[in-house]
Amino acid sequence: MAIGTSTGGIAALHDILPEFPKTNTYAILIAMHIISPDVVNTTAKRLNELCSLKVKMAEHGMQVEPGTAYFMPCDYHAQTKEYGEVVLINLNKEPKVNFVRPSVDVLMNSVAEVFKENSIGILLTGMGMDGAQGMKAIKDAGGSTMVQDRDTSSVSQMAEAAIDLSCVDTVLPLEFIPKKTMKWVEEKTSNRAAQI
Amino acid sequence: MTKKIMVVDDEKDIVDIVASFLEGEGYTVHSALGGRECIESIKEVNPELLLMDVMMPDMNGWEVLRDLKNMGVLEYIKVIMLTVVKEPKQEYADLSPYVLDYITKPFNKKDLLKRVTRLM
Ligand SMILES: [Mg+2]
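No experiment lies behind these values; they were computed from the predicted model shown.

S.K.: What is the right way to read the overall build of chain B from this model?
M.R.: For chain B, the count of helices and strands is four helices and five strands. Secondary structure of chain B in N-to-C order comes out as β-α-β-α-β-α-β-β-α. Against the globule reference of 14 Å for 120 residues, chain B gives a C-alpha radius of gyration of 13 Å, in line with a compact fold. Evaluated residue by residue, chain B yields a buried proportion of 55% over its 120 residues. The contacts in chain B between residues at least 6 apart in sequence include a share of 63% that link residues at least 24 apart. Considering chain B, the positive charge centre built from 16 side chains and the negative charge centre built from 21 side chains are found 6 Å apart.

Pasting the structure below:
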């Protein structure tokens, strides 16, 4: 599953990521628009201590493993790529998309392509329009999509841009997001062996 | 060494109240009563975090961030917007990677301190 966020995202992730159980049925890929590598690294380290999931920074060529949440590094686009049996993270310096790198659209488009109906897209609080196209790609691939509601968001532009594209299955207050997501994971896992 | 926070707001009452909250948590607070004052003193103060108002008579908070970005200092500073404006305009979407949080006035002390602490 892919999570996209920007402004307000650090606080929101601290609230929800510890609620996700460690299971071998899914991985989480997080693209957050933040300019400072220090801030993202520190966030990943802190969350690794608070979460039952393993939380780490994604690296080029890293294999996507279940039970793990990956933060995409600053100033790279990140995509999932299928290589035979495994899925790897590909980082690149292609031009910024929606003024940003990593772009949530770029990440989600690749997740939709690789994981199809098993993919889940979540947009949390954030500025700008990045992520809306990626959510649509996930929806079009048969995946499931969710956004954080306005009341619990610092800024709800990213979520609203996706809602405007009519590609959002559900809008939820932040605290309900982990439970609903895990329900989707269970449904997808029982439909077939879900990988993400 | 205590962590430095700069509060930028044209309303002195707001600067004072935010400063008292933050000082109570052990932060060192510097204030600027407008965009220009912020730009003039930013290098000297060298804050770890900036709490930035949007609506100010001399220049709006987003324009201040643009100037700080052009000065090459913004990527080293964490920014929280503190404003009565409910949502930023799309024309500032390029500043999204610099703005770590966005707090709407009126704010409460507990929420403000929670969000600041998460970033420090
Ligand atoms: Mg003002």
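S.K.: Teacher, can you tell me more about the interface of chain A and chain B here?
M.R.: The accessible area lost on association of the parts is a frequent measure of interface size. Counting residues at the interface gives 24 residues for chain A and 23 residues for chain B. Regarding the contact of chain A and chain B, the summed buried area is about 2,000 Å², with carbon and sulfur atoms giving 57% of it. At the junction of chain A and chain B, the tally comes to two salt bridges. Residue R118(B) pairs with D15(A) through a salt bridge whose shortest N-O separation is 3.5 Å. On inspection of chain A and its partner chain B, the count reaches 14 residue pairs in polar contact (both at pLDDT 80 or more). Among the elements of the structure, helix 1 (9-16) and helix 2 (37-50) of chain A are those that each provide at least two residues to the side of chain A that touches chain B. Counting residues per element, the side of chain A that touches chain B draws most heavily on helix 1 of chain A, at five residues.

S.K.: Can you help me understand the coordination of the magnesium ion in this one?
M.R.: For a metal with four tetrahedral donors the ideal donor-metal-donor angle is 109.5 degrees, whereas six octahedral donors ideally subtend 90 or 180 degrees. All names here are of chain B. Around the magnesium ion, the protein contributes the donor atoms D10 (OD), D53 (OD) and M55 (O), at 2.1 to 2.2 Å from the metal centre. In the primary sequence, the donor residues of the magnesium ion line up as D-x42-D-x1-M. With D10 in the loop between strand 1 (4-8) and helix 1 (12-24) and D53 in the loop between strand 3 (49-52) and helix 3 (61-70), the pair connects residues that are 43 residues apart, well separated along the chain.

Criteria and thresholds
Residues numbered from 1 in each chain as written. Chains lettered and ligands numbered in written order. Predicted model: local features only at pLDDT ≥ 70, side-chain atom pairs only at ≥ 80, totals over all residues. Heavy atoms only, no water. Helix = DSSP H or I, 4+ residues; strand = E, 2+ residues; numbered from the N terminus. Rg over C-alpha atoms; globule rule 2.2 N^0.38 Å. Buried < 20%, exposed > 50% of the residue type's maximum accessible area, 1.4 Å probe, protein only. Contact = heavy atoms within 4.5 Å. Lys, Arg positive; Asp, Glu negative; His and termini not counted. Charge placed at Lys NZ, Arg CZ, Asp CG, Glu CD. Buried area = accessible area lost by both parts, 1.4 Å probe. Salt bridge = Lys/Arg side-chain N within 4 Å of Asp/Glu carboxyl O. Polar contact = N/O pair within 3.5 Å; in protein donor to acceptor, adjacent residues only side chain to side chain. Donors = N, O, S within 2.8 Å, 3.2 Å for Na, K, Ca; no water.

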